[in-house]
Amino acid sequence: MKFFQRLGRSIMLPVAVLPVAAILSGISYWISSAAGGSNIVSAFLGAAGGALLDNMPLLFAVGVSIGMANKTDGTSALAGLVSWLTITTLLAPATMQKLLGIEDLANVNPAFGKVQNVFVGIVAGLIGAWCYNRFKDTKLPDALSFFSGKRSVAIVTAGLSLVVAVVLMFVWPVVYGALVTFGEWISTLGPFGAGLYGFMNRLLIPTGLHHALNSVFWFDVAGINDLVNFLNGTGTYGVTGQYMAGFFPIMMFGLPGAALAMYLTADSRRKKVTYGIMLSGAIASFFVGVTEPLEFAFMFVAPWLYLIHAVFTGISVMIAAMLPTRLGFGFSAGFIDMFLQWTNPMAENPWILLLLGVAWFFIYFFTFYFLIKRFKLKTPGRGDELDEQDADNVGTSLTGYHGTAEKFIAALGGKQNIIDVDNCATRLRMEIADTSQVDEHALKRAGAAGTIKPGGHSVQVVYGLNVQFVKDAMEDILNDRNIEAFRGADAGHTGAAAGFVGGVGGAAVAAGAAAEQRLRARTVPAATLQLRQPVAGTVLPLSEVPDAMFAEGTMGPGLAIDPAGDTIVAPAAGTVASVFPTGHAIGLALADGTELLIHIGIDTVDMKGDGFETLVKTGDAVSAGTPLLRFDADKIRAAGHSAITPVIVLNNENATVEFV
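Remember, predicted model here, so these are calculated numbers, not experimental data.

Some details on the packing of helix H4 (residues 56–68) against helix H7 (residues 118–135)
Phase 1 of the analysis: Running from N to C, H4 and H7 cross one another at 30°; their axes reach a closest spacing of 7 Å. When the interaxial angle is binned, H4 and H7 end up roughly parallel. The handedness of the crossing between H4 and H7 comes out as right-handed. Of the residues in H7, those in contact with Pro 57, Phe 60, Ala 61, Val 64, Ser 65 and Met 68 of H4 are Val 118, Gly 121, Ile 122, Ala 124, Gly 125, Leu 126, Gly 128, Ala 129 and Asn 133.
Phase 2 of the analysis: For the contact of H4 with H7, the per-class residue count stands at 10 nonpolar, five polar and no charged.

Spelled out as structure tokens, the structure:
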């Protein structure tokens, strides 16, 4: 499975060139349409787009070789090119005519006339990558030392490609025949076959193997070549585009309808965060056709919904194939591609897809809304999971993507737990030493749309279109590159409180943050903090707190209260530094720079917010006596927890706390 996931990632490299070709071709068609015929500008742009589309197999050979190599290196790309040239030249019809002693070129097996295809490009890329990984560090005898190391890769690649070409002389006609038979079988099923393809396309999304399926229908592997023929305008009007048209209504309208349903069914206290998740996913789906942020939001938490989504996609592709409407894309079925390809000569009644889209919006909305409510499905913003994506709830001393990367690394078990990190269009693809250390809740709070554990040591984190920047930032941190420029001005000041409140379990993260603060606080002179008692009750020393982390002072100095009241108030003037999502803890930055943590009860994180009501939000300015949150002590005790509330100084281990 790991191999195929990595292959899927590698295939995205050459596929990423398609939007450029689509833009060039689309603009060419718009100019040609406006001018009433082809002119020098449209012809120039069309030829530029065609230069990429006509050489897609070669791009696959180079792209796959780069992507499958253990380290990104131009040598692997060269090896892929060498393999491609060797295989395609040896298997060319003219070469086969000589090798097989065939008098008439027309009698050569037609399979060899289609040898320059994406499938062979992928094979050449795999050969180039394998030779690079295996021989890049090869050391030869001194007499041949010039060819040692990377210089040996292309030589070995050429030799291995000769062997593969001999094997393909016998295998390729069989493989080609099977692919053509499969494609023809789907074609003979008419619209139903197109719908079956659409259903399988969505069903394979979690594994990344949908790229392999797409290559049969979108490129010239089995003679269908739907995508390239459409963009080049060289297909059959009324036929070309049938394997793409039905995706537009789903991606532009259907999935945004599902997003609206998930937002409206979210718990009231989580609607704000769910709104942000759903809105960004819906925009990406509508405009660009990137659906993974939305799909992964419910794929694993509500798999039956995803199965219905796959069925709906198949039905949409089938209906579009039945109707007189055809449209294609260069990247995905979003508004941008629809606009660019609207005047393509292969486009047929694209306005019908907009009408279908409106219908699918309501179908998705009502179906998802009903099923989520009826079966109490745990979609984003519902259930017991802490799926809030609140950046203030995860501690980091970095800003921007480096801040997100730091949170991700912590949630993945730390630097030592990450073996390898890479990305595709929207996902981080990683090898993790111990997958049990991966904290999916923390990843969500840090900005992930979803997490996948395909098996073994593989972990995928769905982020979105900017995943490349997060991956680069993670590599900066993992490789200890200079990241001082990304540190916030107050990085060392608020890290402890934010670090604690962001912890899923609470104490372990807090201990690390507090310990780091104490290292910086050893030179801070002793001080007595006179604070207003934050809640009525009996004041206790920390040693009487039934939790070793607090009782032993690991968190920092302070006092505890066995509460008799139900409202926590600010003990002094300051700013709310952080609020735990479940409302059971709050961090304050006082006017004099002191950082306080007020933790209501012990192990109350397990109550998931039940019995707590937050009255302020992060960043609010407060004065002594300002109500911060309410809690139900009886409910805490009934849940089997202690209601004792520690008040801790996080950034001065020499401090003494007094309540006045």
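Notes on the packing of helix H12 (residues 247–264) against helix H13 (residues 271–288)
Phase 1 of the analysis: Between H12 and H13, the least distance of the axes is 9 Å, while the angle of their chain directions is 175°. On the basis of the axis angle, H12 is roughly antiparallel to H13. Two secondary-structure elements touch here, H12 through Met 251, Met 252, Phe 253, Leu 255, Pro 256, Ala 259, Met 262, Tyr 263 and Leu 264 and H13 through Lys 271, Thr 274, Tyr 275, Met 278, Ala 282, Ser 285 and Phe 286.
Phase 2 of the analysis: Taken together, the residues that form the contact of H12 with H13 break down as 13 nonpolar, two polar and one charged.

What about the packing of aromatic side chains?
Phase 1 of the analysis: One pass over the full model with this rule turns up 24 aromatic pairs.
Phase 2 of the analysis: Ring centres 6.3 Å apart and planes at 20° place the aromatic pair Phe 362 and Phe 366 in the stacked group. A residue pair is termed a helical-turn pair when its members lie 3 or 4 positions apart in one helix, as Phe 362 and Phe 366 do in helix H17 (residues 351–375) at four residues.
Phase 3 of the analysis: On the accessibility criterion, Phe 366 (53% relative accessible area) is exposed.
Phase 4 of the analysis: Through a chain of ring-to-ring contacts, three or more aromatic side chains come together here, namely Phe 298, Tyr 306, Phe 312, Trp 360, Tyr 364 and Phe 368.
Phase 5 of the analysis: Sitting over the ring of Phe 135, Arg 134 keeps its end group 5.1 Å from the ring centre.
Phase 6 of the analysis: One Lys or Arg, Arg 374, reaches over the ring of Phe 375 and ends 5.2 Å from the middle of that ring.

Structural notes on unusual backbone geometry
Phase 1 of the analysis: Not every positive phi belongs to a glycine, and Asn 349 is a case in point at roughly 45°.
Phase 2 of the analysis: For Asn 349, a relative accessible area of 30% puts it in the partly exposed group.

Some thoughts on the side chain of Ser 76
Phase 1 of the analysis: Following the sequence through the fold, Ser 76 ends up in helix H5 (residues 74–90).
Phase 2 of the analysis: With a relative accessible area of 0%, Ser 76 lands in the buried category.

So, how was this worked out
- Residues numbered from 1 in each chain as written.
- Predicted model: local features only at pLDDT ≥ 70, side-chain atom pairs only at ≥ 80, totals over all residues.
- Heavy atoms only, no water.
- Axes fitted to C-alpha atoms, helices over the stretch in contact; angles between N-to-C directions.
- Helix = DSSP H or I, 4+ residues; strand = E, 2+ residues; numbered from the N terminus.
- Parallel < 35°, antiparallel > 145°, perpendicular 65-115°, else oblique.
- Left-handed = near helix turned anticlockwise from the far one by under 90°.
- Contact = heavy atoms within 4.5 Å.
- Nonpolar A, V, L, I, M, F, W, Y, C, P; charged D, E, K, R; others polar.
- Phe/Tyr/Trp six-rings, centres within 6.5 Å; stacked < 30°, edge-to-face > 60°.
- Buried < 20%, exposed > 50% of the residue type's maximum accessible area, 1.4 Å probe, protein only.
- Lys NZ or Arg CZ within 6 Å of the ring centre and 35° of its normal.

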